[in-house]
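Residue strings, one per chain:
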Amino acid sequence: MSSVSAREAPPREPPGRRLSTFLFRHPRVRLALLLGLPVAWMAVVYLGSLVVLLLSSFWDIDPFTGDVVREFTLDNFRRIVETPVYREVAWRTVQMAALVTVACAVLAFPIAYYMARVASRRTRNLLVVAIILPLWASYVVKILAWRTILSDGGIVNWALEPLGRSFDGYSTVGLWLTFTYLWLPYMVLPVYAGLERIPESLLEASADLGARSSRTFVRVTLPLAFPAVVAGSIFTFSLTLGDFIAPRLITSEQFIGTVIYSTYGEALPIAAAYSVVPIAVIVLYLVVARRLRAFESL
């Protein structure tokens, strides 16, 4: 009597294995699960708030009750363009952002060049930590520290006292110094990364062709590192343009951020319309930065 053994069914795969197999066979589903939550967050929180801001800039204020009237009007933008104070504040803010960007570039380039081309690996790592370390401190604490430094009894006036000079730290110059300190790391790191990516073979080829080190720096290193400088300027320029805490604590002069902050509670549509000014400036700045290949260095 012969017996036929029944063929055993293959073992059932665990749920995790089946899920990974399904995701492997459906890459679009995998991509949707990976980016779904971040994209939803950006669309709802970031872009949604920006859309509400732009919409509110076209609303009006009831002159009797002070309530917001949700009716389309261009009076807010017309008022901003026609009022000299708004134009002066916008121009002052753009000037400050440009001066801070130039100062950060001038200070950051030698530091980044030393880190990328001269310093040993150990020294380079220590410098990277030293540059990143201030970013861990509270932003407000750093501003208050500079407020103390720039005060009448601060270290700046203490150093100038034997010379019979004094420095009004609560001024535009003091704000410029504060901004330069705050945003300097955002310029050093992109420039350092750009200098480090320059192939050593290009510098050696320039030397083989008889170029001196100064000529190599001007004709090879500087043009190749310039997009990285522009990339760093995106951070320094935009951060200065929209800041309102440092101007309120360091100087009495008005900037775009402080005007928006003080106007928000009284006239929301005007504040929203004035917020379009730095947005438009940043968009134009990004267009220019893109043409200078800055995005390739980010």
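Remember, it's a predicted structure, so these values are computed and weren't measured experimentally.

A look at unusual backbone geometry
Move 1: Its identity is not glycine, yet Arg-293 carries a phi of approximately 60°, on the positive side.
Move 2: Examined against the element boundaries, Arg-293 turns out to sit in the segment after α13 (268-291).
Move 3: For Arg-293, a relative accessible area of 46% puts it in the partly exposed group.

Some details on the pattern of salt bridges
Move 1: The tally for this structure, following the rule as stated, stands at four salt bridges.
Move 2: Between Glu-253 and Arg-92 there is a salt bridge, with the nearest N and O atoms lying 3.5 Å from each other. Of this pair, Glu-253 sits in the loop between α11 (245-250) and α12 (256-264) while Arg-92 sits in helix α4 (residues 84-118), and the two are 161 residues apart along the sequence.
Move 3: With a relative accessible area of 26%, Arg-92 lands in the partly exposed category.
Move 4: Of the charged contacts in the structure, one is a salt bridge between Glu-196 and Arg-124, with a shortest N-O distance of 3.8 Å. With Glu-196 in helix α8 (residues 172-196) and Arg-124 in helix α5 (residues 121-132), this pair connects stretches of sequence that are 72 residues apart.
Move 5: Glu-196 sits in the partly exposed class, given a relative accessible area of 41%.
Move 6: Since its relative accessible area comes to 15%, Arg-124 is described here as buried.

Structural notes on the nonpolar core
Move 1: Core analysis: the largest hydrophobic core is formed by 28 residues, its most contacted members being Leu-175, Phe-179, Val-191 and Leu-195.
Move 2: Secondary-structure elements contributing two or more residues to this core are α4, α6 (139-149), α8, α10 (213-242) and α11.
Move 3: If one sorts the elements of this core by residue count, α8 sits on top with 10 residues.
Move 4: If we skip the residues at most four places from it in the chain, Leu-195 touches Phe-109, Ala-112, Tyr-113, Ala-116, Arg-117, Thr-221 and Ala-225.
Move 5: Judged by nonpolar contacts, the second largest core, of 12 residues, contains Ala-90, Ile-260, Ile-270 and Tyr-274.

Concerning the side chain of Ser-171
Move 1: Following the sequence through the fold, Ser-171 ends up in the loop between α7 (155-160) and α8.
Move 2: A polar contact is formed between the side chain of Ser-171 and the backbone oxygen of Asp-168, at a distance of 2.7 Å.
Move 3: In contact with Ser-171, other than residues within four places in its own chain, are Ile-250 and Thr-251.

Observations concerning the domain arrangement of the chain
Move 1: If you check the domain split of the chain, you get domain 1 (15-49) and domain 2 (79-297).
Move 2: Relative placement of domain 1 and domain 2: their C-alpha centres are 37 Å apart.

Thoughts on a nonpolar patch on the surface
Move 1: Residues Val-129, Leu-133, Leu-135, Trp-136, Tyr-186, Phe-235 and Leu-239 make up a contiguous nonpolar surface patch of about 640 Å² in total accessible area.
Move 2: Tracing the backbone shows Tyr-186 in helix α8.
Move 3: Exposure remark for Tyr-186: the relative accessible area of 31% places this residue in the partly exposed category.

Points about the packing of helix α3 (residues 75-82) against α13
Move 1: Axis separation between α3 and α13 bottoms out at 9 Å; the angle between their running directions is 65°. The two elements α3 and α13 cross, and the hand of that crossing is right-handed. Side by side, α3 and α13 meet where Asn-76, Phe-77, Arg-79 and Ile-80 of the first sit next to Pro-269, Ile-270, Ala-273, Tyr-274 and Val-276 of the second.
Move 2: Taken together, the residues that form the contact of α3 with α13 break down as seven nonpolar, one polar and one charged.

Parameters at a glance
- Residues numbered from 1 in each chain as written.
- Predicted model: local features only at pLDDT ≥ 70, side-chain atom pairs only at ≥ 80, totals over all residues.
- Heavy atoms only, no water.
- Helix = DSSP H or I, 4+ residues; strand = E, 2+ residues; numbered from the N terminus.
- Buried < 20%, exposed > 50% of the residue type's maximum accessible area, 1.4 Å probe, protein only.
- Salt bridge = Lys/Arg side-chain N within 4 Å of Asp/Glu carboxyl O.
- Core = buried A, V, L, I, M, F, W, Y, C linked by side-chain atoms within 4.5 Å.
- Contact = heavy atoms within 4.5 Å.
- Polar contact = N/O pair within 3.5 Å; in protein donor to acceptor, adjacent residues only side chain to side chain.
- Domains from an automatic or database assignment.
- Patch = residues over 30% accessible without salt bridge, like charges linked within 9 Å, V, L, I, M, F, W, Y side chains within 5 Å.
- Areas by Shrake-Rupley, 256 points an atom, 1.4 Å probe, with all protein chains shown as cover.
- Axes fitted to C-alpha atoms, helices over the stretch in contact; angles between N-to-C directions.
- Left-handed = near helix turned anticlockwise from the far one by under 90°.
- Nonpolar A, V, L, I, M, F, W, Y, C, P; charged D, E, K, R; others polar.

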